[in-house]
Amino acid sequence: MTDLGSPGDDRARRPGDGPEAVASQITDAVDRLAALWSLAAQHASLRLSPHQLRALRTLQTTPDLNLTALADRLDIGLPTASRLCDRLAAAGLLERAPHPDTRREVRLRLTPHGRHVLSDVAGRRVQALATTLAAMEPAERAALRHGLRRFLAAQDTVLPRPDGRPGPR
């Protein structure tokens, strides 16, 4: 386990504590977390691919997107997004609704079943993560929480906001 030092100790104390070494350790942890996420999702009431889950989560956070906007957010081509939505609609997770102002535009919305599936996946992911966190000492969980908060705050100062301007997201 990496010694995190005291909460106020931001100095690297050993060569292995530099940004590159810690980034490598975090990369390994993220890979394992992604595997945990994927495994938890596969045990949900309905098995979905990672792309399908991403599409549903995107529509959950940004309802009423059209197909082009969804494709842009997922960074996939329009034909791929169309096939993805066809499969989600066939499974009863997504519905297409005409835009009230533009006849040619179609809005994409989660169905109640789609929201239920996302809730099931989220609950399973939380439970899988909680099981791992339960194996840690309370002080280790507190240090992890503190470190994640500091990481997100630092990220907000380094990365631009979604609108392209610098500053917190």
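Calculation criteria
Residues numbered from 1 in each chain as written. Predicted model: local features only at pLDDT ≥ 70, side-chain atom pairs only at ≥ 80, totals over all residues. Heavy atoms only, no water. Helix = DSSP H or I, 4+ residues; strand = E, 2+ residues; numbered from the N terminus. Buried < 20%, exposed > 50% of the residue type's maximum accessible area, 1.4 Å probe, protein only. Contact = heavy atoms within 4.5 Å. Salt bridge = Lys/Arg side-chain N within 4 Å of Asp/Glu carboxyl O. Axes fitted to C-alpha atoms, helices over the stretch in contact; angles between N-to-C directions. Parallel < 35°, antiparallel > 145°, perpendicular 65-115°, else oblique. Core = buried A, V, L, I, M, F, W, Y, C linked by side-chain atoms within 4.5 Å.

**Q** So what exactly am I meant to see when it comes to the overall build of the protein chain here?
**A** Helix and strand counts for the protein chain come out as 6 helices and 2 strands. Along its sequence from the N terminus, the protein chain presents helices and strands in the succession α-α-α-α-β-β-α-α. Counting over 169 residues, the protein chain shows a buried share of 22%. A sequence separation of at least 24 residues applies to 42% of the contacts in the protein chain between residues at least 6 apart.

**Q** Whenever I open this one, the side chain of Thr111 confuses me. Can you help?
**A** Mapped onto the elements, Thr111 comes out in the loop between strand E2 (106–110) and helix H5 (112–134). Ignoring sequence-local partners within four residues, the contact set of Thr111 consists of Gly92, Leu93, Leu94 and Glu95.

**Q** I keep staring at the pattern of salt bridges and nothing clicks. Help me out?
**A** As a working rule, side chains carrying opposite charge can pair if their charged atoms are close by. Scanning the model with the defined rule gives 4 salt bridges in all. For Arg107, the salt bridge is made with Asp64, and the minimal N-O distance between the two is 3.9 Å. Of this pair, Arg107 sits in strand E2 while Asp64 sits in the loop between helix H2 (50–61) and helix H3 (67–74), and the two are 43 residues apart along the sequence. The residue Asp86 makes a salt bridge to Arg96 at a minimum N-O spacing of 2.8 Å. Remark: Arg96 occurs in strand E1 (residues 94–98) and Asp86 occurs in helix H4 (residues 78–90); sequence separation between them is 10 residues. In this structure Arg96 comes out as partly exposed when scored by relative accessible area, which is 39%.

**Q** Help me out: how do you make sense of unusual backbone geometry in this one?
**A** As a rule of thumb, non-glycine residues mostly have phi less than zero, and peptide bonds are mostly trans rather than cis. Positive phi is not limited to glycine here, since Asp64 has a value of about 70 degrees. For Asp64, a relative accessible area of 28% translates into the label partly exposed. The phi angle at Asp75 is positive, at roughly 60 degrees, despite the residue not being glycine. The topology assignment puts Asp75 in the loop between H3 and H4.

**Q** Would you mind showing me how to read the packing of H2 against H5 here?
**A** Pairs of packed helices are described in terms of their axes, by the angle between the two and the distance that separates them. Remark: H2 packs on H5, axes separated minimally by 11 Å, with the N-to-C direction vectors making an angle of 105 degrees. Considering the angle they form, H2 stands roughly perpendicular to H5. Only Leu118, Val121 and Arg125 of H5 make contact with H2, whose side of the interface consists of Leu53, Leu56, Arg57 and Gln60.

**Q** What is the right way to read the nonpolar core from this model?
**A** Soluble globular proteins tend to pack their nonpolar side chains together in the buried interior. Core analysis: the largest hydrophobic core is formed by 20 residues, its most contacted members being Leu56, Leu59, Leu70 and Leu88. Elements supplying a minimum of two residues to this core: H2, H3, H4, E2 and H5. No other element matches the 4 residues that H2 contributes to this core.

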